[in-house]
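If you want the building blocks of each chain, they are given just below.
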Amino acid sequence: MNPKSDDSALTRVAAAQAQPNIALIKYWGKRDVALNLPVVGSLSITLDRLWTRTEVRFETGLDADRITLNGREDPKQLRRATACLDLLRSRAGLSTRARITSTNNFPTGAGLASSASGFAALVLAGDAALGLELSTAELSVLARRCSGSAARSIFGGYVEWARGERPDGEDSVARPILETDAWPLSVAVAITSMAEKAIGSTEGMNRTAETSPFQQAWIDTQEADLAEARAAIVARDFERLAVISEYSCLKMHALALAAKPGLLYWNAATVACMHRVRQLRAQGVPVFFTIDAGPQLKAVCEPAAAAAVAAALREVPGVLNVVETGLGGDAKLMDVAEAVAA
Ligand code: DP6
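Residues numbered from 1 in each chain as written. Predicted model: local features only at pLDDT ≥ 70, side-chain atom pairs only at ≥ 80, totals over all residues. Heavy atoms only, no water.

Engineer: Explanation requested: the state of the cysteines in the structure shown.
Structural biologist: Such a bond, covalent and formed between the sulfur atoms of two cysteines, is termed a disulfide. Inspection of the entire model under this criterion finds 1 disulfide. Paired through a disulfide, C84 and C146 show a sulfur-sulfur distance of 2.3 Å. The S-S bond linking C84 to C146 shows a torsion near 85°; that makes this disulfide right-handed. Placement of C84 in helix α1 (residues 78–92) and of C146 in helix α3 (residues 136–146) is noted, with a sequence separation of 62 residues between them. For the pair C84 and C146, one class covers both residues: buried. Of all cysteine sulfurs in the structure, the one in C273 sits closest to C249, which takes part in no disulfide; the separation is 12 Å. Exposure remark for C249: the relative accessible area of 0% places this residue in the buried category. (Disulfide = S-S within 2.5 Å. Helix = DSSP H or I, 4+ residues; strand = E, 2+ residues; numbered from the N terminus. Buried < 20%, exposed > 50% of the residue type's maximum accessible area, 1.4 Å probe, protein only.)

Engineer: I tried to follow the sheet that holds strand β2 (residues 21–25) on my own but got confused; where do I start?
Structural biologist: Each strand in a sheet pairs with its neighbour through backbone hydrogen bonds, running either in the same direction (parallel) or in the opposite one (antiparallel). Taken together, the 4 strands give an open sheet; going across it, the order is β2-β5-β10-β11, and neighbouring strands pair in antiparallel fashion. This sheet does not close on itself; its edge strands, each paired only once, are β2 and β11 (174–178). Between one strand and the next, the sheet's axes are offset by a mean angle of 35°, whatever the strand orientation. As judged from the 4 bridges shared by strand β10 (residues 158–161) and β11, these two strands associate in the antiparallel manner. By the bridge assignment, E160 is partnered in β11 with R175. Sheet strands touched by helix α6 (residues 215–234): β2, β5 (42–46), β10 and β11. Its angle to β5, the strand with the most contacts, is close to 35°. (Pairing = 2+ DSSP bridges. Axes fitted to C-alpha atoms, helices over the stretch in contact; angles between N-to-C directions. Contact = heavy atoms within 4.5 Å.)

Engineer: Looking at this structure, I do not really get the site of the ligand. What am I missing?
Structural biologist: As a structural note, the neighbourhood of the ligand is formed by 18 residues, with Y27, K30, S147, S149 and T202 the closest of them. Note that an oxygen atom of the ligand is positioned 2.5 Å from one of the side-chain N or O atoms of K30. Take R152: an N or O atom from its side chain is 2.7 Å from an oxygen atom of the ligand. When the free accessible area of the ligand is taken as 460 Å², the share hidden by the protein chains comes to 94%. Here the shell around the ligand takes 3 residues from helix α5 (residues 201–211), the largest share from any one element. Across the shell around the ligand, the residue classes break down as 6 nonpolar, 7 polar and 5 charged. (Near = heavy atom within 4 Å. Polar contact = N/O pair within 3.5 Å; in protein donor to acceptor, adjacent residues only side chain to side chain. Areas by Shrake-Rupley, 256 points an atom, 1.4 Å probe, with all protein chains shown as cover. Nonpolar A, V, L, I, M, F, W, Y, C, P; charged D, E, K, R; others polar.)

See below:
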C-alpha cells in the first residue's frame, strides 16, 4: 500500500530511536538563523545508553499537532516540533497533522542534548510515516534545520557536521567519520542538576553572537581545532583528543561567559568535576571532560578506566548521579508498540 496514495483513508505511523551526541569540537553560533546554519563546523560522539524514542502518527481530522513528552502533553515543545514536521509535510505535499509521543530516558532540557536525539528521532519517524524514504544525508539536513546538533544524531560513532558554504545550507550536513567499533570509548555523565536550563542553546548562541567580543576569534580558530580532532581520531590518540576537546569546550564557555549578560552554565559541582577529571588525568587515567549548555559534565575515557572514573565522579560533592554509557549507533526505526511502551 503506497502511503501517499490516499490522504484521507490512512493513519500514517512510524517510530524511531535516536541517541544524544556530545560535541568534542563545539557548535556555537549561527550564520543563518532561519535555515539554522552554523558559523562553524563541529565534531561529536554519539552515545548508546541514553535515547529518545518517538512515535509520529499522522491523523486526518486533527486541527493541530499534539505532543506528549515523557507521558505528559507538552505544548511548550509544539512550535518547534510543528515547524520540524512542516518540513516533512511540505516534501510529502500533505497537510495532515500528527500526534507525537516521545520519551527520553534521561533529563530533558538540562544540557544532555535532548534536542539532538529528539529531533533526529522525530525526523526519522516522520520520514518513515510519510513514506518519503529520504537518504541519511537528507535526514541530517532536515534534522539540522530543527536543531543544529540533531544533524549529528542521525549517525552513530564519531560524526562531523560541516559548516557548509552554500547559502541554502544543503552542504551543511553531518557525516560519520569513524564507527564506534573502531574506537569504542566510554562516557560517564555526571548529573549535577535535574532542573531545565534557564537559557537554551538557541538563545544563548544568539546572545553570544550579538554581544561577545570573542565571536570572531571563535570562528577563526575552529578549522584548526577540527583538523586536530580529526587527526587525533584517525590516529586513535587519546591524549591528543583529550587536549583538543577540553580546549574547544573551555573556549566555547569562555566565549559565552563574555556575552552580555554572561552565560554561566556551570554550577559548583560542575567545576569540582572538572578539577577531578584533570586530577585523574594528571595521575595517568585516560579521561577528559566536556560540557555543553548546561551543568552536566561528560567525562570521556578509555573503557578500562570507566568504572574508576564513574566512581571518582560519584564522590564529588553535588553530583546527583553518574550515568555510564558507551558510544552508540545510528538513529533507527523501531517497532511502534515498543516505542510507545518505553
Ligand atoms: C553547546 O543544537 O541545541 O550543545 O541549533 O539552536 O537547536 P540549536 O542549538 P543546539 O546547540 C547545541 C550546542 C552545544 C554544542 C554542540 O552540541 O555542538
